Amino acid sequence: IVYVNGDIFVKGEVKGRVTVVSSNNIYYTDNVKYSGGASVVNPNDSVAFLAKNQHYFLPNSVEVSGIVYGEKAYNTGNLAIVATKKLDSNYNVVNISPGEKNDGHFRHFGNIVMNGTANTAVYLNDRAYLYDPNIKYFRPPGLPVQPVLRLVREA
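Position numbers for residues count from 1 along each chain, tracking the sequence in the order it is written. Where local features are concerned, this predicted model is filtered to residues with pLDDT of at least 70; where side-chain atom pairs are given and counted, the filter is 80 or more; whole-chain, interface and lining totals use all residues. Neither water nor hydrogens contribute to the side-chain values; these are computed over all heavy atoms in the structure.

## Concerning the environment of L130
Next, step 1: By the element assignment, L130 lies in strand β13 (residues 127–131).
Next, step 2: Under the scheme applied here, a residue whose accessible area is under 20% of the maximum for its type counts as buried, over 50% as exposed, and between as partly exposed, the area being computed with a 1.4 Å probe on protein chains only. L130 sits in the partly exposed class, given a relative accessible area of 35%.
Next, step 3: When the C-alpha atoms of L130 and S65 are compared, they prove to be 9.3 Å apart, with 65 residues separating the residues in sequence.
Next, step 4: Note on contacts: a residue pair qualifies if any of its non-hydrogen atoms lie within 4.5 Å across the two residues. Ignoring sequence-local partners within four residues, the contact set of L130 consists of H108, F109 and G110. Only DSSP runs of H or I with at least four residues qualify as helices, and only runs of E with at least two residues qualify as strands; both kinds are numbered from the N terminus onward.

## Structural notes on the pattern of salt bridges
Next, step 1: We count a salt bridge whenever a side-chain nitrogen from Lys or Arg sits within 4 Å of a carboxyl oxygen from Asp or Glu. Under the counting rule described, the total for this entry stands at five salt bridges.
Next, step 2: As a salt-bridge pair, K33 and E63 come within 2.9 Å of each other at their nearest N and O atoms. Of this pair, K33 sits in strand β4 (residues 26–34) while E63 is found in strand β7 (residues 62–70), placing the two residues 30 residues apart along the sequence.

## Considerations on the side chain of D132
Next, step 1: Positionally, D132 belongs in the segment after β13.
Next, step 2: Under the convention used here, Asp and Glu are negative, Lys and Arg are positive, and both His and the chain ends fall outside the count. Buried within the structure, D132 lacks any salt-bridge partner; K136 is the closest side chain of opposite charge, at an N-O distance of 9.4 Å.
Next, step 3: Excluding residues within four positions of it along the chain, D132 makes contact with S39, V40, V41, F109 and G110.

## Considerations on the pairing of strand β5 (residues 46–51)
Next, step 1: Taken across its six residues, β5 has six buried, putting it largely inside the fold.
Next, step 2: Burial of the side chains of β5 extends over both faces: S46, A48 and L50 are buried on one face and V47, F49 and A51 on the other.
Next, step 3: For two strands to pair, DSSP has to find at least two bridges joining them. As judged from the six bridges shared by strand β3 (residues 17–22) and β5, these two strands associate in the parallel manner. The partner of V20 across the bridge, within β5, is F49.
Next, step 4: Of the strand pairs in this sheet, β5 and β7 are connected by four bridges, and their pairing is parallel. Directly across from L50, in β7, lies its bridge partner Y69.

## Description of the packing of aromatic side chains
Next, step 1: Pairing of aromatic rings covers Phe, Tyr and Trp, the last through its six-membered ring, and needs centres within 6.5 Å; plane angles under 30 degrees mean stacked, over 60 mean edge-to-face, and all others mean tilted. Enumeration according to the criterion identifies eight aromatic pairs in this entry.
Next, step 2: Between F57 and F106, the aromatic rings sit 4.9 Å apart at their centres with planes inclined by 80 degrees, giving edge-to-face as the arrangement. You can see F57 sitting in strand β6 (residues 55–57) and its partner F106 sitting in strand β11 (residues 106–114), a full 49 residues away along the chain. Per residue, the accessibility class of F57 equals that of F106, and both read buried.
Next, step 3: Each member of the aromatic cluster is reached from another via a ring pair, and the members are Y28, F49, F57, F106, Y123 and Y129.

Below you can see the structure in the form of structure tokens.
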């Protein structure tokens, strides 16, 4: 489990079972897939991205695998998932121009849990949310597959 007090920028290949927790936002700067380019979890590789605030999908086209959880905890309106930003040539996060991501695509393989709404409409008609049935078997650390009953105090 990786805890970051602040923003997180992620991209690349996930090797192992990992949970990434941000006290603020998570920015996806490129594709996030599992070892070997797989889109769905397996017994060795799974990931969860937990943001206290929002998730930002920055590329014109992006594919992200894993569990995505956003709370929109700070005064950021109702959005927990945002696709209206990009990285400029100096790697600063800036607003996109109208119509800029219309020719791109968005793919999420996994599960999204959020307090709020998602704004991925800038990808127009080429976006897909694909549930990964393996998530219920091969969860990242800190996310149990089934609830566990524990005896806390005996009366």
